[in-house]
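Observations on the three-dimensional arrangement
Here's the letter readout for the chains.
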Amino acid sequence: MLAKLEHVTKRYVKNEGLRDLSLDFPAGEVVGVLGLNGSGKSTLLKLLAGLLFPTSGTVTVFDGAPRSKRANIVFLGENDALWPWMTPSDAMKFMSNLYDDFDAARFTGLLDSLKVPLRKTKTMSRGERGRLRLAMALARNAKLYLLDEPLAGIDLISRESILSSIVQEWHTDETILLSTHEVAEAEGLFERAIYLREGRLALDVSAESLREGGKSVVDTFREVLA
Amino acid sequence: MINDKGNWSIDMSAGPIFEQIAKNVHQMLARGALKPGDKLPSARDLAAKLNVNPNTIVHAYNELEAQNVIEKRRGLGTFVREDAPVTGMKKDMLHQAANAYADEGRQLDASIQEAITALKEVWDVG
């Protein structure tokens, strides 16, 4: 198992992020993490990234604590923390210094296929910055990619090119967890869909087996979470 | 959501994607958009075009290979077999669709004439 949660509960000061969640993630799976706002999607991804610690239960990635395996984990968060003065070539230097597994050639290719303009981020649109951030994330050679809402708040064309790049760059031994509200656009990518409701697992299912029953991942989203 | 790109059309609510991909290939062969000897896109390229998982395309291609419609040529890619059962494919697919229509018509107690008339009326509109 590439990553594993065993009876994980995460309590914040005021509310519960996740409650008694147990999940296994084998290598080479593209998983949709689906739920409404506050359902625990980001909490799940941050626990796997080692950015949060469980209140109880254990999270393991490659048989260790996520924090000790960060070289193998890519986390793309919701916060757009790019420096305003940064250009894509600054971003390339920054990432190369930070991560041994950063592939500069792959990054350049991604900038091209994602049509990222080569200017300072402060003059970029939200979609352009989102595409740049995805290029930075996908240019690393990791085994676990945790993509938190990479499609949120950006235009349709950017969303389509982001999804295409994820398909192009994905190697069959890598596991991707992608949380999204834009279920309709992303659902073809998912082999497995995990539905969270108020911090609990509502459904964990193979996407094609849902469709076997004549329902899409979106239809099921409405059913399970309504 | 219907994902309609060129010759390919996928509806996420209309059954497994791998079956739809395979059916798309059958339809293209039936109408001549794809011919024996033609090369199919690589699983990854088609996956990126349709925004579906590459494994799903591989699954569809394996299915078509088992049906003797396509073959993988080592190092070259995936091709429609020269002996693919193309003749009769259009007729087979029309029969399949007609069966469903005939069932519906019989349930409505319609005569074949009524059914043919209805079909003619919608043919050019649809």
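Here the structure is shown first, and the text comes after it.
Residues numbered from 1 in each chain as written. Chains lettered and ligands numbered in written order. Predicted model: local features only at pLDDT ≥ 70, side-chain atom pairs only at ≥ 80, totals over all residues. Heavy atoms only, no water.

**Observations regarding empty space enclosed by the protein**
Operational definition: Each cavity reported here is a set of points on a 1 Å grid over the protein atoms alone in which a 1.4 Å probe fits but cannot get out, each pocket an open set with protein on both sides within 12 Å along at least five of seven lines, and each lining residue one with an atom within 4 Å of a point. Grid points are joined across faces, edges and corners, and a volume is the space filled by probe spheres set on the points. Asp, Glu, Lys and Arg are counted as charged, while Ala, Val, Leu, Ile, Met, Phe, Trp, Tyr, Cys and Pro are counted as nonpolar; the rest, among them Gly, fall into the polar class.
Scanning the model with the defined rule gives two cavities of 30 Å³ or more in all. Put simply, the largest cavity is a space of about 40 Å³. Forming the walls of the largest cavity are Val 30, Ile 166, Val 167, Trp 170, Ile 176 and Leu 189 of chain A together with Asn 53 and Pro 54 of chain B. Looking at the lining of the largest cavity residue by residue, the class counts come to seven nonpolar, one polar and no charged. Size it by volume and the second largest cavity reaches roughly 30 Å³.

**Some remarks on helix H4 (residues 126-138) of chain A**
Residue pairs spaced three or four apart in an α-helix point in one direction, given the helix's 3.6 residues per turn. Residues and elements named next belong to chain A. The line we're drawing: For the purposes of this entry, the term helix denotes a DSSP run of H or I that reaches at least four residues, the term strand denotes a run of E that reaches at least two, and both are numbered from the N terminus. By definition here, a helix of n residues has an expected span of 1.5 Å times n minus one. Buried means the residue's accessible area, taken with a 1.4 Å probe over protein chains only, is under 20% of the maximum for its type, while exposed means over 50%, and partly exposed covers the values in between. Contacts are assigned to residue pairs with any non-hydrogen atoms lying within 4.5 Å of each other.
The terminal C-alpha atoms of H4 lie 18 Å apart, and with 13 residues this matches the ideal 18 Å at 1.5 Å per residue to within 8%. With 11 of its 13 residues buried, H4 lies for the most part within the structure. If you follow the buried residues of H4, they end up packed against strand S5 (73-76), helix H2 (88-98), helix H3 (104-113), strand S6 (144-148) and helix H5 (156-169).

**Some details on the nonpolar core**
For clarity, the cut-off: Here, nonpolar core refers to any group of buried Ala, Val, Leu, Ile, Met, Phe, Trp, Tyr and Cys residues whose side-chain atoms link them within 4.5 Å.
One finds Phe 107, Leu 132, Ile 166 and Tyr 195 of chain A together with Ile 21 of chain B to be the most contacted residues of the largest nonpolar core, which totals 77 residues. Residue contributions to this core peak at eight residues, all from helix H1 (residues 17-31) of chain B. Ile 21 of chain B has contacts with Trp 8, Ile 10, Leu 46, Leu 50, Ile 57 and Ala 60 of chain B, leaving out every residue within four places of it along the chain. Leu 18, Leu 47, Ala 49 and Ile 73 of chain A belong to the second-largest nonpolar core, a separate cluster that totals 24 residues.

**Section: the packing of aromatic side chains**
Each pair of aromatic rings is reported with the distance of its centres and the angle of its planes. Worth spelling out the cut-off: Centre distance within 6.5 Å is the pairing criterion for rings of Phe, Tyr and Trp, where only the six-membered ring of Trp is used; planes under 30 degrees apart are then read as stacked, over 60 as edge-to-face, and the remainder as tilted. Think of it as a cone above the ring: NZ of Lys or CZ of Arg counts as a charge over the ring if it is within 6 Å of the ring centre and within 35 degrees of the ring normal.
Within the structure shown, the criterion is met by three aromatic pairs over all chains. On the numbers, 6.2 Å between centres and 15 degrees between planes, the contact of Trp 83 of chain A with Trp 85 of chain A is stacked. Seen in terms of ring centroids, Phe 102 of chain A and Phe 107 of chain A are 5.3 Å apart; in terms of plane orientation they differ by 50 degrees. Their pairing is tilted. In this structure, Arg 140 of chain A is placed above the aromatic ring of Tyr 99 of chain A, and the distance from its NZ or CZ to the ring centre is 3.8 Å. Sitting above the plane of the Phe 79 of chain B ring, Arg 73 of chain B keeps its charged end 4.1 Å from the centroid.

**Notes on the layout of surface pockets**
Residue and element names in this part refer to chain A. Computed from the structure, the largest pocket encloses a volume of approximately 700 Å³. Surrounding the largest pocket, 25 residues form its lining, Phe 75, Leu 76, Gly 77, Tyr 99 and Arg 133 being those nearest its centre. Elements that contribute at least two residues to the lining of the largest pocket include exactly helix H1 (41-49), S5, H2 and H4. Counting residues per element, the lining of the largest pocket draws most heavily on S5, which supplies four residues.

**Considering a nonpolar patch on the surface**
Residues and elements named next belong to chain A. Put simply, the rule reads: For patch building, the residue pool is restricted to those with more than 30% relative accessible area and no salt bridge; the joining distance is 9 Å between like charges and 5 Å between nonpolar side chains (Val, Leu, Ile, Met, Phe, Trp, Tyr). Surface accessibility in these figures is a Shrake-Rupley result with a 1.4 Å probe; residues are shielded only by whichever protein chains are displayed. Here, a salt bridge means any side-chain nitrogen of Lys or Arg that lies within 4 Å of a carboxyl oxygen of Asp or Glu.
Taken together, Trp 83, Trp 85, Phe 94 and Leu 98 make up a surface patch of nonpolar side chains, about 470 Å² in accessible area. By the element assignment, Trp 83 lies in the loop between S5 and H2. Residue Trp 83 is classed as partly exposed on the basis of its relative accessible area of 49%.

**Quick look at the sheet that holds strand S2 (residues 16-25) of chain A**
All names here are of chain A. Stated precisely, the cut-off is as follows: Note: two strands are recorded as paired if DSSP finds a minimum of 2 bridges between them. A fitted line through C-alpha atoms represents every axis, and for helices the fit uses only the stretch in contact; the resulting angles, taken between N-to-C directions, go from 0 to 180 degrees.
With antiparallel pairing, the three strands of this open sheet are ordered in space as S2-S1-S4. The outermost strands of the open sheet, each flanked by one partner alone, are S2 and strand S4 (56-61). Going across the sheet, the axis of each strand differs from the next one's by a mean of 20 degrees, ignoring polarity. Bridge analysis of strand S1 (residues 3-11) against S2 gives six bridges, and the strand direction is antiparallel. Note that in S2 the partner of Val 8 across the bridge is Leu 21.

**Some points on the sheet that holds strand S3 (residues 39-40) of chain B**
Residues and elements named next belong to chain B. With respect to topology, three strands assemble into an open sheet ordered S3-S5-S4, the strand pairing being antiparallel. Looking at which strands have only one partner, the edges of the open sheet turn out to be S3 and strand S4 (70-73). In terms of strand pairing, S4 meets strand S5 (residues 77-80) through four bridges, oriented antiparallel. Across the sheet, Arg 73 pairs through a bridge with Gly 77, a residue of S5. Against the sheet, helix H3 (residues 54-66) makes contact with S3, S4 and S5, and its axis sits at roughly 110 degrees relative to S4, the strand it touches most.

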